[in-house]
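So you can see what is in the structure, the chains are spelled out below.
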Amino acid sequence: MGSRVTTADKPKNASPPRRSRIGDLRMRDVYRGLAVLVAAAVAVVAVVLALPSRPDEVAERPVAAPSTAPPTSSATPPGTASATASATPSGTPGAVPPAATVHPAGTAEPVVSPSAAVPALPSPAPSVSQAAARPTPSPGASLAPGYTAMEAFYADARLPEVPGKPKKAVLPKPGRRVLADKRTGVAVPLLGRPWKRHRGAPFTSKQVLPKLRGRAERGLIVSCPVPIEAQKNPRDTALLAARWTLNLHPKGATVRWLTSQPVKGGWATIYQVKYGKRSSVAAVVVLDGGMAKPGLVFASIPDTQRKRWRDIYRVVSGARVLG
């Protein structure tokens, strides 16, 4: 017999089968959520890459070489490093300070980086206006800056004013015996006894009188190229040479001019040198011997050997150009 199923055997109010929660969501909501997650992950990675690897790491700014152009404005724009960062604390011109860096917060406070040492650069070359303002010594300039040799000569308190037309000395007849100074191209009178030839250095020729007992100074005759810058006028060269010979006299020596006159081939100046209670008579003869510099013949005799003063005039009359 077959059984029959009645309505009483059927379950009442049976619930439909449960489905998962994801199945209740729409697909567009799922995709939207995934896009938000991906965007958040990308943002996190970008922030990590942008931040420095160490908290104290800052970006260094390059330092440019100092410019010679004058600044157009003394104002410093806000938010930038100070313009005075190019000056060293010691004020040494031409030195470049360590590189300045910008604070991470964006302030203008310079931060010295230990690894940003920059070697000092040479000072910039002076401008054309600076070079023009600086005095340029002319040929024959002395040690005084901005003075010519003759300006320094006339400003020397040891030298009185040179007479415009000094009296000419009466010179004796020149002797026949001479010393040939081939370095200067000049013939130097060779005087007899008591004069003696002497080792010339640092001069090219030298003659001396015997020393007196208890006295250091003695007469001498020397020759050499002029130890000063030659001037266009031989008279000026002779005067400058006479001034230079004060180096061979005692300290504090002053000059009194006796005569200054032309000679064949050059110029001669005779003068008296005073130092304390003593004095000497001296002469310089400047001659153009055809060399790079004119030749100088210098003679000086102290008053302790005044009997030989006449030999000064013999030197002036006998000095001449070789040939």
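As the structure is a computational prediction, the values presented were derived from the model and not from experiment.

Caption draft 1: Region of interest: the overall build of the protein. Helix and strand content of the protein: five helices and 12 strands. Contacts in the protein between residues far apart in sequence, at least 24 positions, make up 54% of those at least 6 positions apart. Working note: accessible area of the protein is about 22400 Å², and carbon and sulfur atoms make up 59% of it.

Caption draft 2: Structural view of the pairing of strand β10 (residues 278–287). In terms of burial, β10 is largely enclosed, as nine of its 10 residues are buried. Across 10 bridges, strand β9 (residues 266–275) lies against β10 in antiparallel orientation. Across the sheet, residue Trp267 finds its bridge partner in β10, namely Val286. Linkage of β9 to β10, two consecutive antiparallel strands, is achieved through a turn of two residues, within which Gly276 is found at a positive phi near 65 degrees. When β10 meets strand β11 (residues 295–302), the two strands line up antiparallel, connected through eight bridges. Within the sheet, the bridge partner assigned to Val286 lies in β11 and is Leu296.

Caption draft 3: Structural view of a nonpolar patch on the surface. A surface patch of nonpolar side chains, about 350 Å² in accessible area, is lined by Tyr31, Leu34 and Leu37. Mapped onto the elements of the fold, Tyr31 is located in helix α1 (residues 27–50).

Each value, and the rule that gives it
The numbers attached to residues start from 1 for each chain and follow its sequence in the written order. Note on the predicted model: pLDDT of at least 70 is required for a residue's local features to be given, and 80 or more for side-chain atom pairs to be given and counted; whole-chain, interface and lining totals, by contrast, use all residues. With hydrogens and water set aside, each side-chain value is computed from the structure's full complement of heavy atoms. Labels follow the DSSP assignment, with helices taken as runs of H or I lasting at least four residues and strands as runs of E lasting at least two, numbered in each case from the N terminus. Working rule for contacts: check all heavy atoms of both residues, and any pair within 4.5 Å makes them a contact. Computed by Shrake-Rupley with a 1.4 Å probe, the accessible areas treat only the displayed protein chains as cover when residues are assessed. Buried means the residue's accessible area, taken with a 1.4 Å probe over protein chains only, is under 20% of the maximum for its type, while exposed means over 50%, and partly exposed covers the values in between. When DSSP finds two or more bridges between two strands, those strands count as paired. Think of a patch as exposed residues, more than 30% relative accessible area, with no salt bridge, where like charges cluster within 9 Å and nonpolar side chains (Val, Leu, Ile, Met, Phe, Trp, Tyr) cluster within 5 Å. Each reported salt bridge corresponds to a side-chain nitrogen of Lys or Arg within 4 Å of a carboxyl oxygen of Asp or Glu.

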